[in-house]
Amino acid sequence: MKPVVDLNTARDRLVSGQRWVIKIGSALLTNDGKGLNRPGIQAWVDQIAELMSQGIEVVLVSSGSVAEGMSRLGWTSRPSEVHHLQAAAAVGQMGLVQAYETAFQHHNKHTAQILLTHADLSNRQRYLNARSTLRTLIEMGVVPIVNENDTVITDEIRFGDNDTLGALVANLVEADTLVILTDQDGLFTKDPRHNTDAELITEGRASDASFAAMAGDAGALGRGGMITKVKAAVVAARSGADTVIVGGRIENVLIRLRAKEKIGTLLVADTAPEVARKQWIAGHLQHCGELILDDGAVKALEKGGNSLLPVGVKAVKGIFRRGEVVACLNSKGKIIAKGLINFDHSEAQKLCGKTSAQQQELLGYVGEEELIHIDNLVVL
Ligand SMILES: Nc1ncnc2c1ncn2[C@@H]1O[C@H](COP(=O)(O)OP(=O)(O)O)[C@@H](O)[C@H]1O
Ligand SMILES: N[C@@H](CCC(=O)OP(=O)(O)O)C(=O)O
């Protein structure tokens, strides 16, 4: 198959992308275990504010809670017991969000704390809830600051490193770009901490398996090392996001990336974002329910660019939960589209044929206006 992206022009995509997830790792955020790197935080926040003024929407994924907690509690070495790590994370998360809130206040921007676990992203309903909260915050110009919810996780289900979490958030919000800021200038052919002849990779494809062999473990402060960053690029590419692994200490790093300067390692996604999402939805061959549409709704979907509103649905069949895949049928019984539904079957039945204005009265609350949002809809 012919790659969709020419590596020579791949950096152009950093200029056109409108939504970035930026992950800042422990290796950068922590001052050798002496608490948070506040001047560093202010410098990245200044750049993020500049990007936002250029119209880029930003979601931040930030590590640093354990290190800040240790510093606040006066602990000099990282504990190994999970409950101590969880306690440190709970204390430190306060400082972490305070640091971002203060830094963003200089730009009159609000921040929001989002703590996620593996279960939140693997369960479709919680996935959709997290997604709609993040989207709403983005629309409001608030900067979400995401970290793992360390308090409630056990070893088996923890992300552990925030690279994986960053990639899943990039999938969740359908970002164009995942930027991973770390303490090295990018991905090198070998770990530069131990090999003076290591060379920086400037561009590659996320799908190129040879990169995993070059990537090694973490330094003293980080958790995942380079291997989790290379794997994160593969996960981000599933929804079409490119990944840049780059040194957070490079002056004006984010602004220079946006200006296509050849810094860091760009790992491009080989699948276009829309195609990736549609593959994902279309891949759910088993649908849990069916919506019979009226002719107007069929036309609106076939024309493209439209979400499915309850008013265009004549009947709802099957048992399904919010976030599951349902099929949309025309009056002859032919499946014309599939999508992830925003309501469960009993709610969908109540809403069927009704206008959005009637939601409060029918359900007792106001949810999404659409039964299936255009982003979650594939017309077949
Ligand atoms: N091939 C490689 N290229 C660059 N860095 C590498 C490589 N292999 C291992 N590393 C190590 O990965 C570390 C960054 O990962 P990590 O410590 O987890 O940081 P972070 O907290 O930013 O996620 C670097 O300090 C580096 O020593
Ligand atoms: N969630 C934890 C740690 C995650 C972590 O250190 O990850 P990473 O920055 O990818 O090495 C914290 O905030 O301290």
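Just so you know, these numbers come straight off a predicted model, no measurement behind them.

Caption draft 1: Just the overall build of the chain, in detail. In terms of regular secondary structure, the chain is built from 15 helices and 13 strands. Relative to its length of 380 residues, the chain is compact, with a C-alpha radius of gyration of 22 Å against a globular reference of 21 Å. Taken over the C-alpha atoms alone, the chain extends approximately 70 × 50 × 40 Å along its principal axes. Classification of the 380 residues of the chain by burial places 42% in the buried group. For the chain, the share of sequence-separated contacts (at least 6 apart) that also reach a separation of at least 24 residues comes to 74%.

Caption draft 2: Here's a closer look at the sheet that holds strand β5 (residues 177–182). Spatial strand order, β3-β4-β2-β1-β5-β7-β8-β6: eight strands in an open sheet with mixed pairing. The sheet terminates laterally at β3 (111–116) and β6 (203–205), the two strands that pair on one side only. When strand polarity is set aside, the average angle formed by the axes of neighbouring strands in this sheet is 20°. With two bridges connecting them, strand β2 (residues 57–62) and strand β4 (residues 143–148) associate as parallel partners. Of the residues in β4, the one forming a bridge with V61 is V146. This element, helix α5 (residues 82–105), spans β2, β3 and β4 of the sheet and lies at about 150° to β3.

Caption draft 3: Focus on the UniProt feature "domain: PUA" (unreviewed entry) in the chain. Look at the UniProt record and you will see "domain: PUA" (unreviewed entry) annotated at residues 289–372. Along residues 289–372 one finds 25% helix and 26% strand; the C-alpha atoms at either end are 13 Å apart.

Caption draft 4: Structural view of the UniProt feature "binding site: substrate" (unreviewed entry) in the chain. As recorded in UniProt, the sites labelled "binding site: substrate" (unreviewed entry) are S63, D150 and N162. In sequence the annotated residues extend across 100 residues, while in space they remain close, none of their C-alpha pairs exceeding 11.3 Å. Tracing the sequence through the fold places S63 in the loop between β2 and α4 (65–73). Classification of S63 as buried rests on a count of 28 C-beta atoms within 10 Å. Not counting the four nearest positions on each side in its chain, S63 is found in contact with I24, G25, S26, L29, N147 and N162. Along the chain, the position of N162 falls in helix α8 (residues 162–172). Discounting chain neighbours no more than four positions away, the residues touching N162 are K23, G25, V61, S63 and E148.

Caption draft 5: The arrangement of the packing of helix α3 (residues 38–53) against α5 in detail. Relative orientation of the contacting elements α3 and α5 amounts to 50°, with a least axis distance of 9 Å. By the criterion of interaxial angle, the relationship of α3 to α5 is oblique. For the crossing formed where α3 meets α5, the hand is right-handed. Of α5, the residues touching α3 (which contributes R38, I41, Q42 and V45) are A99, Y100, A103 and F104. Here the contact of α3 with α5 is built from residues that sort into six nonpolar, one polar and one charged.

Caption draft 6: Structural view of the nonpolar core. Counting 70 residues, the largest nonpolar core has V21, V169, L178, V179 and A236 as its most contacted members. A297, V316, F320 and C328 belong to the second-largest nonpolar core, a separate cluster that totals 24 residues.

Caption draft 7: Representation of the sheet that holds strand β9 (residues 289–293). Strand order in this open sheet of five strands is β10-β9-β11-β12-β13, and the pairing throughout is mixed. Whereas interior strands pair on both sides, the edge strands pair on one side only; in this sheet they are β10 (313–318) and β13 (377–379). Going across the sheet, the axis of each strand differs from the next one's by a mean of 20°, ignoring polarity. Pairing of strand β12 (residues 335–340) with β13 involves three bridges; the strand directions are antiparallel. Counterpart to A337 in the pairing with β13 is V379. Sheet strands in contact with helix α13 (residues 295–303) are β9, β10, β11 (325–329), β12 and β13, and its direction is about 75° off that of β12.

Caption draft 8: Spatial organisation of unusual backbone geometry. Its identity is not glycine, yet N108 carries a phi of approximately 55°, on the positive side. Here N108 lies in the loop between α5 and β3. Its identity is not glycine, yet E174 carries a phi of approximately 50°, on the positive side. Within the secondary structure, E174 sits in the loop between α8 and β5. The exposure class of E174 is partly exposed, given the 17 C-beta atoms found within 10 Å.

Caption draft 9: Inspection of the environment of G95 at higher detail. Within the secondary structure layout, G95 lies in helix α5. Since 19 C-beta atoms lie within 10 Å of it, G95 is described here as partly exposed. Sequence separation between G95 and E68 is 27 residues, and the spatial gap between their C-alpha atoms is 6.7 Å. Sequence-distant contacts of G95, defined by excluding residues within four places in its chain, comprise L36, E68 and R72.

Caption draft 10: Just the pairing of β11, in detail. Extensive coverage of β11 is indicated by the burial of four of its five residues. In this sheet, β11 lies alongside β9 in parallel orientation, the contact comprising four bridges. If you follow I292 over to β11, its bridge partner there is L329. Two elements, β11 and β12, share five bridges in a ladder whose sense is antiparallel.

Rules used throughout
Residues numbered from 1 in each chain as written. Chains lettered and ligands numbered in written order. Predicted model: local features only at pLDDT ≥ 70, side-chain atom pairs only at ≥ 80, totals over all residues. Helix = DSSP H or I, 4+ residues; strand = E, 2+ residues; numbered from the N terminus. Rg over C-alpha atoms; globule rule 2.2 N^0.38 Å. Buried ≥ 20, exposed ≤ 12 C-beta atoms within 10 Å, placed from the backbone. Contact = placed C-beta atoms within 7 Å. Pairing = 2+ DSSP bridges. Axes fitted to C-alpha atoms, helices over the stretch in contact; angles between N-to-C directions. UniProt positions renumbered as here; feature names shortened; annotations may be inferred. Parallel < 35°, antiparallel > 145°, perpendicular 65-115°, else oblique. Left-handed = near helix turned anticlockwise from the far one by under 90°. Nonpolar A, V, L, I, M, F, W, Y, C, P; charged D, E, K, R; others polar. Core = buried A, V, L, I, M, F, W, Y, C linked by C-beta atoms within 7 Å.

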